[in-house]
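# Commentary on secondary and tertiary structure
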Amino acid sequence: MNSFYIHRYPFIRLLIPWIAGIFCGDHFFDRSWAPLCGILFFGFFAALSFALYFLKRYSLRWCFGIAISALCFTGGWLGMTGQLQQAVCSFPKEETVYRVLITDAAQPKEHTYLCQALLKERRDTAGIYPIGHTAVLYLQQDSSASRLKSGDELLISARISPPLNNRNFDEFDYARFLMRKGISGTGYVASGKWIKCDGMNNFDLKSVASSCRRNVVSLYQELGFNGDELAVLSALTIGDKTELSDSVRESYSVAGASHILALSGLHIGLLYTMLFFILKPIARRGNIGRCVRSVFLLVLLWTFAFFTGLSPSVVRSVSMFSILAMADMVGREPLSLNTLAVAAWLMLFCNPAWLFDVGFQLSFLAVASILLIQKPIYHLITVKSRIGKHVWGLMSVSVAAQIGTAPLVLFYFSRFSVHFLLTNLVVIPLITIILYAAVVMLLLTPFSWLQIGVAGGVKKLLEGLNFFVLRAKSGQNLRRTKR
């Protein structure tokens, strides 16, 4: 890559050292000298960058570039260190009374309900002490725990401790995984050791969003969706995967289509494309029209994110496409390596720990792969018919994304479907139609007779999708048996 080429993508030159700094900040977090060194280096390189900038000597341009790169490196280091430090909290070793706020709906496990909670205060005989840290609570299964929802306040008696590992060699670092998510402790709450605070229901933005999400699921049930169709529709449209059975998860995984069950970049991209096309006539009115379209896109995308419960994966994806919409607003190329690097840098600036999220890595790597290798793959085969061009264009996008994400899929999941091309050739058009039809179905809520008709069509499409994935899984298992 020559210097002329890399100068076309300035934010890539900022993103690479920022990512390196985040890695180092995470790796050296436990070293006592790390924060002080990071602050000293950041101050030094900031002063050096300002000095070189105001000198305005062309011969020192390389020194200025190195100083900016070093500044980004130390910025990423300090950002990650600061975020991990916020998750550090000391807890009493004995069982203690806490007032907590449930921030996520309880998830059923084998013998417990897992829920994420904000520890608001700690109470003992000496007084009440504010905390303000987040913990993962495991509530013993009973009928009362199953009815808990986001926004409920509880008084619990439990022993909460910082997350720890078993310190086995080559073990998954669960403690660091929780700290990256801002979780300071974990605790088990037995039945009878907690009570719900009457009249203490907090209606913050996230709890209202979760309530809207539950209302959408209830609407699906009223329209006749149930079983696997309800589970897949909820996962595709609002990111609710609680109803997905193990057999459905396994079928989609073996068939190479498990990525469609995680509401993320693919689904937001399809929604962005639909809205971009619908609002295209507005953009023809010059710069003002393009700005109006971008504003509409931002409002509609974040409204969709709100109705999905503001889950982290959706917020990340909507943030990325919001940056692309704003790039279009100011007349920049809406999708390029530079705008992708801008989106990644801004998101990692706000939350450095997102770098270690698998969904974040897969989303950006897939888009980067499409930008870099989709066109060369498309030009490998010459297709003359119009329908053939559309089919091959879809296949080339899928191949580019799968090639780019294959190393990560193998690394994290130790599984890679060799039938992904055929599967995605059918699955991606199907879920595109399902998503667009589901949006129309929700918009038709005031017209129940029309909504019921559209719901019938969506149900047939979901049945066809599940049937195809099941057959694809059976075919792959049959080939393995013959070998």
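The structure under discussion appears in the preceding block.
Quick summary incoming for the structure in this document. No experiment lies behind these values; they were computed from the predicted model shown.

With that out of the way, let us pick up the packing of aromatic side chains. Centre-to-centre distance and the angle between the planes together describe a pair of aromatic rings. Taken as a whole and judged by the stated rule, the model has 10 aromatic pairs. Judged by centre distance (5.4 Å) and plane angle (65 degrees), the ring pair of Trp18 and Trp345 falls under edge-to-face. One end of the pair, Trp18, is in helix α2 (residues 10–27); the other, Trp345, is in helix α14 (residues 337–350), with 327 residues separating them in the sequence. The same class applies to Trp18 and to Trp345, which are both buried.

Glancing now at a nonpolar patch on the surface. A contiguous nonpolar surface patch, about 360 Å² in accessible area, is contributed by Ile288, Val292, Phe296 and Leu300. Mapped onto the secondary structure, Val292 falls in helix α12 (residues 286–307).

Moving on to the pairing of strand β7 (residues 183–189). By the criterion of burial, β7 is predominantly enclosed, with 6 of the 7 residues buried. The pairing of strand β4 (residues 127–140) with β7 spans 6 bridges and is parallel. Opposite Leu139, over in β7, you have Val189 as the bridge partner. Across 2 bridges, the pairing between strand β6 (residues 160–161) and β7 is antiparallel. Pairing of Ile160 across the sheet is with Gly187, part of β7.

So, on to the pattern of salt bridges. Applying the stated criterion across every chain, the model contains 9 salt bridges. Here Glu121 and Arg99 are joined by a salt bridge, their closest N and O atoms 3.0 Å apart. Here Glu121, found in strand β3 (residues 112–124), pairs with Arg99, found in strand β1 (residues 96–102); they are 22 residues apart in sequence, far enough to count as distant. One exposure class covers both Glu121 and Arg99, and it is buried. Through salt bridges that share partners, Arg99, Lys120, Glu121, Arg123 and Glu153 make up one connected network.

Reading guide: rules and limits
Residues numbered from 1 in each chain as written. Predicted model: local features only at pLDDT ≥ 70, side-chain atom pairs only at ≥ 80, totals over all residues. Heavy atoms only, no water. Phe/Tyr/Trp six-rings, centres within 6.5 Å; stacked < 30°, edge-to-face > 60°. Helix = DSSP H or I, 4+ residues; strand = E, 2+ residues; numbered from the N terminus. Buried < 20%, exposed > 50% of the residue type's maximum accessible area, 1.4 Å probe, protein only. Patch = residues over 30% accessible without salt bridge, like charges linked within 9 Å, V, L, I, M, F, W, Y side chains within 5 Å. Areas by Shrake-Rupley, 256 points an atom, 1.4 Å probe, with all protein chains shown as cover. Salt bridge = Lys/Arg side-chain N within 4 Å of Asp/Glu carboxyl O. Pairing = 2+ DSSP bridges.

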